[in-house]
Amino acid sequence: MLNELRAYISREGAIVIEDEVVCDAYEGVGRYMIVTHAHYDHVRGIHRARRRGVRLISTNATKDILVALGKVRGYEVMGIEYDKDYDVGKGHVRLIRANHILGSAQVVYEDQEGFRIAYTGDFRQPGTPIVDEPDVLIMEATYGRRDMIRPPLEKVYEAFIDLVRRTFDREPINIFAYHGKIQEAMEVLRSAFPDVPFLAPMRILWLCEIARRHGMKIGKVIPLESEEGYEVRRGGRYIAFYHSTYLGRINRGISISLSGWNIGKVVRKIGARRYIVSISGHADFRQLMEYAEAARPRLLLVDGSRSTYAEAFAKEVKRRLGLRAIVMP
Ligand SMILES: [Zn+2]
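Residues numbered from 1 in each chain as written. Predicted model: local features only at pLDDT ≥ 70, side-chain atom pairs only at ≥ 80, totals over all residues. Heavy atoms only, no water.

A. Local environment of the overall build of the protein chain. From N to C terminus, the protein chain includes 8 helices and 20 strands. Radius of gyration (C-alpha) of the protein chain: 21 Å, near the 20 Å computed for a compact globule of 329 residues. With the C-alpha coordinates aligned to their principal axes, the bounding extent of the protein chain is approximately 65 × 45 × 30 Å. Counted over contacts in the protein chain with a minimum sequence separation of 6, partners at least 24 positions apart contribute 59%. On the protein chain, roughly 14,800 Å² of surface is accessible, and the fraction owed to carbon and sulfur atoms is 48%. (Helix = DSSP H or I, 4+ residues; strand = E, 2+ residues; numbered from the N terminus. Rg over C-alpha atoms; globule rule 2.2 N^0.38 Å. Contact = heavy atoms within 4.5 Å. Areas by Shrake-Rupley, 256 points an atom, 1.4 Å probe, with all protein chains shown as cover.)

Shown next, in the form of structure tokens:
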């Protein structure tokens, strides 16, 4: 279903580029599948792709995470470096940094005729370089509605640290988040509390090991179920980290869950000992708009398979920037 855009987004969320490369979901076409990061909604169809002999490509950090989470069942994943060109089929591809979770990347594909297609994947600012004047730019638009504006990330971090500081004297603290955001929270809290014991279950510890190997500064994390972990828990002064699916299952101490959807307020108290802190891995409306404006693509393709507000964003881009913008699928 290739068109003059040379790219499309399928209903399953596959970003299909020149029928050669598919990103973040498998669609039955293409000989290469690029996984921009290890979140579950970006690896759909990976087993089907592998069965068909499609080559899997990701950054080295994403590859390590996929392996640790058991998402690639021993398949060979080609881990590649940021900012280097690799030949894929009739063109070449380059992965560029995206600030979202450890290992996240943007994709730039250039074909033989010099036609450039860029895909942001999930991202936020600061820390995501803007691809300059691609022919087609494919963007996420999670927070694509114009009132979806949040404070700068460093302000959010400050409020998070402050909440932990205020509550820590009274009780142990439990942090709940998705993979990747857990390690981000550890890095933020470690900078403020260098000596506080961190505890986590084994599965999270594996990812911490990967995060360390790729340069994140999270310090020591003690296995929850170890003897040392038991001693620390008995003492009652610690910060424990759990995957979001554990929310509600831990009764002791203060619970803080990290979720991007709480846009209006950075810290929200939702119970006597329960809080939500709005740390998001996604660009807010203003950052999305700034990206589109600075990139100046000939055509903007907004990913409607993962964003409820894709239409709203495309409309604002047309109105404010005068760019051609369409939503797919
Ligand atoms: Zn993501």
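This is not the end of the story, as more comes after the structure.
B. View of the packing of aromatic side chains. Tallied over the full model, the rule gives 6 aromatic pairs. Both rings, one in Phe285 and one in Phe313, keep their centres 6.2 Å apart while their planes meet at 85 degrees; by these two values the pair is edge-to-face. Remark: Phe313 occurs in helix 8 (residues 310–321) and Phe285 occurs in helix 7 (residues 285–295); sequence separation between them is 28 residues. Of the residues examined, Phe285 reaches a relative accessible area of 3% and is grouped as buried. Looking at Phe313, the relative accessible area reads 0%, which means it is buried. Put simply, the rings of Phe176, Tyr242 and Tyr246 pair up and form one aromatic cluster. Directly above the aromatic system of Phe115 lies the positively charged group of Arg6, at a separation of 4.0 Å from the ring centroid. In this arrangement the basic side chain of Arg150 is found over the ring face of Tyr143, its NZ or CZ atom lying 4.7 Å from the centre. (Phe/Tyr/Trp six-rings, centres within 6.5 Å; stacked < 30°, edge-to-face > 60°. Buried < 20%, exposed > 50% of the residue type's maximum accessible area, 1.4 Å probe, protein only. Lys NZ or Arg CZ within 6 Å of the ring centre and 35° of its normal.)

C. Looking closely at the domain arrangement of the protein chain. Annotation of the protein chain at the domain level lists domain 1 (7–147 + 283–328) and domain 2 (153–277). Inter-centroid distance (C-alpha atoms) of domain 1 to domain 2 is 30 Å. Taken together, the 14 residues of domain 1 in the interface contact 17 residues of domain 2. Considering only the surface of domain 1 that becomes buried against domain 2, Leu69, Leu102 and Tyr143 emerge as the three largest contributors, covering 40% of it. On the surface where domain 1 and domain 2 come into contact, there are 2 salt bridges. Measuring nitrogen to oxygen at the nearest pair gives 3.0 Å for the salt bridge that ties Glu184 to Arg124. If you look at where domain 1 meets domain 2, you find 4 residue pairs in polar contact (both at pLDDT 80 or more). Of the residues contributing to the side of domain 1 that touches domain 2, the split by class is 8 nonpolar, 4 polar and 2 charged. (Domains from an automatic or database assignment. Buried area = accessible area lost by both parts, 1.4 Å probe. Salt bridge = Lys/Arg side-chain N within 4 Å of Asp/Glu carboxyl O. Polar contact = N/O pair within 3.5 Å; in protein donor to acceptor, adjacent residues only side chain to side chain. Nonpolar A, V, L, I, M, F, W, Y, C, P; charged D, E, K, R; others polar.)

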